[in-house]
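Here are the chains, one letter per residue:
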Amino acid sequence: MSWTMNNVGSQKGKTILITGSNTGIGFATAKLLAQKEAAIIMACRNREKAEQALARIKSEVPGARVDLV
């Protein structure tokens, strides 16, 4: 049996800090956990790219609770 995103249970009530969350694995993780109802704190070095990633998550995940630091 392969592990998929469907194996991730609800993350409601959890706050998760993700570094490097504006691209690659960090972005995919932030988006997935936002879909699973976690509150996400995106920690990124490049503010411009982080804001673009934040906007993308919010447009693709209605009601996502995502903030930047």
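Residues numbered from 1 in each chain as written. Predicted model: local features only at pLDDT ≥ 70, side-chain atom pairs only at ≥ 80, totals over all residues. Heavy atoms only, no water.

Topic: the environment of Thr-15
Part 1 of the reasoning: Tracing the backbone shows Thr-15 in strand β1 (residues 15–19).
Part 2 of the reasoning: Setting aside residues up to four positions removed in sequence, Thr-15 forms contacts with Ala-39 and Ile-41. (Helix = DSSP H or I, 4+ residues; strand = E, 2+ residues; numbered from the N terminus. Contact = heavy atoms within 4.5 Å.)

Describing the side chain of Gln-11
Part 1 of the reasoning: On the secondary structure map, Gln-11 appears in the segment before β1.
Part 2 of the reasoning: The exposure class assigned to Gln-11 is buried, which follows from its relative accessible area of 14%.
Part 3 of the reasoning: Those residues in contact with Gln-11, other than ones at most four positions away along the chain, are Ile-16, Leu-33, Lys-36, Glu-37 and Ala-38. (Buried < 20%, exposed > 50% of the residue type's maximum accessible area, 1.4 Å probe, protein only.)

Concerning helix α2 (residues 47–60)
Part 1 of the reasoning: The end-to-end C-alpha separation of α2 is 20 Å, in line with the 20 Å expected for 14 residues at 1.5 Å each.
Part 2 of the reasoning: Buried within α2 we find Ala-50, Ala-53, Leu-54 and Ile-57. For α2, the angular spread of the buried residues around the axis is 105°, confining them to a single face. Set apart from the buried face of α2 by more than 90 degrees, the exposed residues are Glu-48, Gln-52 and Ser-59.
Part 3 of the reasoning: In this structure, the buried residues of α2 make contact with α1 (24–35), β2 (39–43) and β3 (65–68).
Part 4 of the reasoning: Of the residues flanking the start of α2, the one acting as N-cap is Asn-46, its side-chain oxygen 3.1 Å from the backbone nitrogen of Glu-48. (Expected span 1.5 Å × (residues − 1). Arc of directions from axis to C-beta. Polar contact = N/O pair within 3.5 Å; in protein donor to acceptor, adjacent residues only side chain to side chain.)

A few points about unusual backbone geometry
Part 1 of the reasoning: Phi angles above zero are rare outside glycine, and Glu-37 is one such case at about 75°.
Part 2 of the reasoning: Inspection of the secondary structure assignment puts Glu-37 in the loop between α1 and β2.
Part 3 of the reasoning: Residue Glu-37 is classed as partly exposed on the basis of its relative accessible area of 42%.

What to know about the pairing of β2
Part 1 of the reasoning: Across the five residues of β2, four count as buried, placing the element largely inside the fold.
Part 2 of the reasoning: Bridge count between β1 and β2: five bridges; the pairing is parallel. From the neighbouring strand, Leu-17 faces β2, where its bridge partner is Ile-41.
Part 3 of the reasoning: After leaving β1, the chain enters α1 and then returns to the sheet as β2, a path that is right-handed.
Part 4 of the reasoning: Sheet topology places β2 next to β3; four bridges connect them, and they run parallel. Residue Ile-41 lies in a different strand from β3, and its bridge partner there is Asp-67. (Pairing = 2+ DSSP bridges. Right-handed = clockwise from strand over helix to strand, strands pointing away.)

Keep in mind these numbers describe shape, not what the thing actually does.
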